[in-house]
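# A closer look at the structure
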Amino acid sequence: MPIDTKNKSPIKPPKMRQFGSSLFILLTLLLLLNFIVPSFSGPQYPQAPYSEFIAQVQQGNVERAIIGSDRIQYVLNPENVYGSDIDKVFTTTPVALDLDLPKILRENNVEFAAPPPDKNAWIGTLLSWVIPPLIFFGIWGFFMRRQGGGVLTVGKSKARIFSEGVTGVKFSDVAGVDEAKTELEEIVDFLKNADKYTRLGAKIPKGALLVGPPGTGKTLLAKAIAGEAGVPFFSISGSEFIELFVGVGAARVRDLFEQAKKQSPCIVFIDELDALGKSRGGANGFMGGNDEREQTLNQLLTEMDGFDANTGVIIIAATNRPEVLDPALRRPGRFDRQIVVDRPDKIGREAILRVHSRNVKLTEDVDLGIVAVRTPGFAGADLANLVNEAALLAARQNRDGVTLADFNEAIERLVAGLEKRSRVLNETEKKTVAYHEVGHAIVGALMPGTGRVEKISVVPRGVGALGYTIQMPEEDRFLMIEDEIRGRIATLLGGRSAEEIIFGKVSTGASDDIQKTTELAERAVTLYGMSDKLGPIAFEKMQQQFIPGYGNSRRDVSSEVAKVIDTEVKHMVDNAHHIALSILYKNRKLLEETAMELLEKEILEGEKLREKLQQAIAPEELEEWLRTGQLSDDIVLMQTKI
Ligand code: ADP
Ligand code: MG
Ligand code: ZN
C-alpha cells in the first residue's frame, strides 16, 4: 500500500482501475479508427478546378463522370488526350447547387452516375451509434469513481482513504497551546511504548477529541502526534463521510478502520467530527441526510467499540462545536478525552509568531512581543497569515527585512481590509466620516477597558469601511465588566453622536455601529443578566441551539416579559447615546479641531493622537452612569431635547 507518499493519495482498489484503463484504450482505438477510415477510400487523382471540368465537358472531352455530393470524378476521352492511363482521371469539387450540371452533361453525351455506396460506410454508422454511449459510460464511470460511492457497487471497493504517511510535523512546530501539548504527549508515549502500559494491564485510550475554534492548530496537533511518534497518519473529514447514498459513509468507516488496523500503530484523524456526530433528532432532516449520518455514526461507534484498545490505533477527532456532538461519542471508551485547544494568549501568540517567522528575515526594530499585544483574538492560523502578509509587504517594497511597520500594516489589513484609495468620497462625505471617526475616538478615550485609541483614518478600507478607528487593548481580556459593556456601547454610538451634533442630521454610515450596539445591549440584558428589572435570568438560549431560519433563539417568555426586555435594551442604548452626546458637547472644540486635522492628514496615530485625546474632559454624570447604568431624570429630559 502506498503509505509513504507525503501527499494525499487515494488508494484505489485495483479491479476498478483495470476496468477504467481498458475502457480508455478501447475508446482511443475507436476514435483513431474513425479518423483513419475516410483516408482509405480509393486512390488519389489530380484535382482540377470546377470551371476546368465544365470546359472539358463542353468541349466534348469527358467520357464518364461520377457525381458525388462533395466530389466529382471524371474520365477524359482517351482519343482526345495524351498521356498515361492515370492522367486521364481527374477529380474536382462541385460547386454547390449547380442545378444545370445534369443538363450540360446530357447535352454533351457524358455518361454519368452517382458514386457506389461506400464500402466502409457501415463503420461510420456503427461508430456514430457506438461511440456516444461509450463516451457517456466512460464519463459516468469516471465520476462514480471520483465520488467514491456508487449506485451499483456500494461498499468496500468504493471507499477512499487518505493516508499521509509520516507527517514530519513536530511538537516544536505548534506553539501557544502548552496544556494541550502536555496532554497529547501522553498519547505519543502510548504509541511509542505501548508495552509499558499493556504490561501492567492498563488500557490505552482509544480516542481524543480536540475542541477549539477554527485555526487554533487542531489539525496541526494531530499531525504532530503522528510525527513525534513516527507513525502513519490517516485523515478524513467528517463531511466527507456524508454521502447522498445511504450506506456509503458506513462502508467508508469500516474500510478506514480496516486500513488503519493493518498499519498500526497509527493515528486516525477525523476532522469536523460534528458533521458526522451531530446529536440525533436535530432539525436537519433534509434529503435523507439524517439517515445517512445516523448509519455512519453508528458504524463509527461500532468500530470504536469493536477493536481492541491495544491494537495501537488511536483516533483523534477535531471539532469546533462540541456541544452539538452526540453524547454517545463522548462515552468512556470512545472519545473519552477532551482536549481544549483555545485561542492563544499574548505569550502564546508571541511563541506562534516566533515559530512562523523562523524563516523570515526581521529587522532589528521588530519586537514580536509588541506584535502579540496588538493581535488579541488572533488564532494560530491568523498569525501565520500575518507573518506572511508582513513579509509580502516588505518584499514588495524591496526591503532587506520585515519591519515593525510592515507588521502594523499587515494587522490593519487583516482587521479592516485593503486600503481602497480608489473609493473617492465627495467633500460632505469626507467631512461626515472625519467627524464620525473622531467622535468614536473621543468617547472611546474616556471609557474604561476599551483600550487605547491607536489610530483614526479616513482612508477607505475593505468592503465597506469609509473610515475607521483602531483601539488596542493593553492586555488580553476574558471578561467584560458591566461598566465596560456600557462604555463599549457609548463608544460605538460616538460616531453617530458626532454627526448629530455637528450636522444636526445623521448619515447611513452608522448602521454597522448600531447593529453592534443593539446586539451588545441585548446580550447584556438577556444573557448576562445585567438588567436590574429582569435580574439574572437567561432569556436567550445559548448560541448553538439556534439554527438560522428555524425560529427564535429566545426562550418562550410571556408578552409582558418580552416588553420589559425590549424597554430595558432600549433604556440601555438610550442612556449610552445620551452619554456619548454629552461627552461630545463638552469637548466640541476638541472634536472640531481633531476632525479638521484628520481631514487634512487623512490619518492620525500614535503619540500625537494620544496627547490630543488626553485633553478630553469627562462630563459630571459619566462616573455615576458607568457605575449604575442610570442617569438622573433631568439629564434624561435634556437628552430628549437634542
Ligand atoms: P484547525 O485545524 O484548528 O482549524 P489548523 O491546524 O488547520 O487549524 O491550522 C492552520 C494553520 O495555522 C497551521 O497549518 C499552522 O500553520 C497555523 N497554526 C495554527 N495554530 C498554530 C499553533 N498553535 N502554532 C503554530 N502554528 C499554528
Ligand atoms: Mg483543521
Ligand atoms: Zn462608526
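These remarks concern the structure in this document. (Residues numbered from 1 in each chain as written. Chains lettered and ligands numbered in written order. Predicted model: local features only at pLDDT ≥ 70, side-chain atom pairs only at ≥ 80, totals over all residues. Heavy atoms only, no water.)

## What about the overall build of the chain?
What counts here: Secondary structure elements follow DSSP: runs of H or I of four or more residues count as helices, runs of E of two or more count as strands, with numbering from the N terminus. With a 1.4 Å probe rolled over the protein chains alone, any residue whose accessible area is under 20% of its type maximum counts as buried; one over 50% counts as exposed, and the rest are partly exposed. Note on contacts: a residue pair qualifies if any of its non-hydrogen atoms lie within 4.5 Å across the two residues.
Scanning the chain from N- to C-terminus turns up 23 helices and 14 strands. Per-residue burial over the chain gives 43% buried out of 642 residues. Taking the intrachain contacts of the chain between residues at least 6 apart in sequence as the baseline, contacts between residues at least 24 apart amount to 74%.

## As for unusual backbone geometry
One non-glycine residue, N109, lies in positive phi territory at about 55°. You can see N109 is positioned in the loop between α3 (101-107) and β5 (111-113). Phi at E272 takes a positive value of approximately 50°, unusual for a residue other than glycine. For E272, a relative accessible area of 37% gives the class partly exposed.

## Things to note about the packing of aromatic side chains
The condition is simple: Side-chain rings of Phe, Tyr and Trp, where Trp is taken by its six-membered ring, are said to pair if the distance between their centres is within 6.5 Å; with planes under 30 degrees apart they count as stacked, over 60 as edge-to-face, and otherwise as tilted.
The tally for this structure, following the rule as stated, stands at 6 aromatic pairs. With a centroid separation of 5.8 Å and an interplanar angle of 25°, the aromatic rings of Y74 and F90 are classed as stacked. Separated by 16 residues along the polypeptide, Y74 in strand β3 (residues 72-76) and F90 in strand β4 (residues 89-92) bring together distant segments of the chain. In this structure Y74 comes out as buried when scored by relative accessible area, which is 1%. Accessibility expressed as a relative area gives 21% for F90, which makes it partly exposed. Between Y435 and F503, the aromatic rings sit 5.6 Å apart at their centres with planes inclined by 90°, giving edge-to-face as the arrangement. Of this pair, Y435 sits in helix α16 (residues 427-445) while F503 sits in helix α17 (residues 482-503); the two residues are 68 residues apart in sequence, bridging distant segments of the chain. By relative accessible area, which is 3% here, Y435 ends up buried.

## Points about the packing of α16 against helix α19 (residues 559-586)
So the rule is basically this: Fitted lines through C-alpha atoms serve as axes, helices being fitted only where they are in contact, and the angles separating the N-to-C directions of these axes extend from 0 to 180 degrees. For classification purposes, an angle smaller than 35 degrees is called roughly parallel, one larger than 145 roughly antiparallel, one from 65 to 115 roughly perpendicular, and anything else oblique. Under the convention adopted here, Pro, Cys and the residues Ala, Val, Leu, Ile, Met, Phe, Trp and Tyr are nonpolar, Asp, Glu, Lys and Arg are charged, and Gly plus all remaining residues are polar.
Close contact between α16 and α19 brings their axes to 10 Å; oriented N to C, the two are set at 100°. It follows that α16 is roughly perpendicular to α19 by the angle criterion. Listed contacts from α19 to G439, I442 and V443 of α16 are A580, I583 and L584. Here the residues of the contact of α16 with α19 sort into 5 nonpolar, 1 polar and no charged.

## Remarks on a negative patch on the surface
Put simply, the rule reads: Residues enter patches when they are more than 30% accessible in relative terms and free of salt bridges; like-charged ones are connected within 9 Å and nonpolar ones (Val, Leu, Ile, Met, Phe, Trp, Tyr) within 5 Å. The protein chains shown are the only cover counted for residues, whose accessible areas, like all others here, come from Shrake-Rupley with a 1.4 Å probe. By salt bridge we mean one thing: a side-chain nitrogen of Lys or Arg within 4 Å of a carboxyl oxygen of Asp or Glu. Under the counting rule used here, the positive set is Lys and Arg, the negative set is Asp and Glu, and His together with the chain ends is not counted. To locate a charge, the coordinates of NZ of Lys, CZ of Arg, CG of Asp or CD of Glu are taken.
Residues D178, E179, E183 and D345 make up a contiguous surface patch of negative charge. Within the element layout of this structure, D178 appears in helix α5 (residues 178-192).

## Considering the sheet that holds β3
So the rule is basically this: Two strands are said to pair when DSSP picks up at least two bridges between them.
With respect to topology, 4 strands assemble into an open sheet ordered β4-β3-β2-β5, the strand pairing being mixed. Lying at the two open borders of the sheet, with one neighbouring strand each, are β4 and β5. Mean inter-strand twist for the sheet, computed between neighbouring axes without regard to direction, equals 15°. As paired elements, strand β2 (residues 62-67) and β5 share 3 bridges and run parallel to each other. Counterpart to I66 in the pairing with β5 is A113. Across the sheet, helix α2 (residues 50-58) lies against β2, β3 and β4, angled at about 40° from β3, the strand it touches most.

## Some points on the site of ligand 1
Which entries qualify depends on this criterion: Near residues are defined by distance, with any heavy atom within 4 Å of the molecule or strand qualifying the residue. Distance and chemistry together define a polar contact, namely a pair of N or O atoms within 3.5 Å, with one atom able to donate a hydrogen and the other to accept it when in protein, and with adjacent residues in sequence counting only for side-chain atoms on both sides.
Close contacts around ligand 1 come from 14 residues, with A175, G215, K218, T219 and H356 the closest. A distance of 2.6 Å separates an oxygen atom of ligand 1 from a polar atom in the side chain of T219. Here an oxygen atom of ligand 1 and a backbone polar atom of L220 are 2.9 Å apart. A total of 560 Å² of accessible area belongs to ligand 1 in isolation, and the protein chains cover 78% of it.

## Looking at α5
Helical geometry: 3.6 residues make up each α-helical turn, so side chains three or four residues apart lie on a common side. Rule in force here: To estimate the expected span of a helix, count its residues, drop one, and scale the result by 1.5 Å.
Over its 15 residues, α5 runs 21 Å from end to end, which matches the ideal 21 Å to within 8%, given 1.5 Å per residue. Those residues of α5 not exposed but buried are A180, K181, L184, I187, V188, F190 and L191. Tucked inside the fold, the buried residues of α5 contact α6 (194-198), β7 (207-211), α7 (218-229), β9 (266-271), β10 (313-319) and β11 (337-340).

## Here we look at the sheet that holds strand β12 (residues 452-457)
If you trace the 3 strands from one edge of the open sheet to the other, you get β13-β12-β14, paired in antiparallel fashion. The two strands at the open ends of the sheet, each matched to only one other strand, are β13 (468-472) and β14 (603-605). Each strand axis lies, on average, 20° off the axis of its neighbour in the sheet, ignoring direction.

Interpretation in functional terms is not warranted from these geometric data alone.
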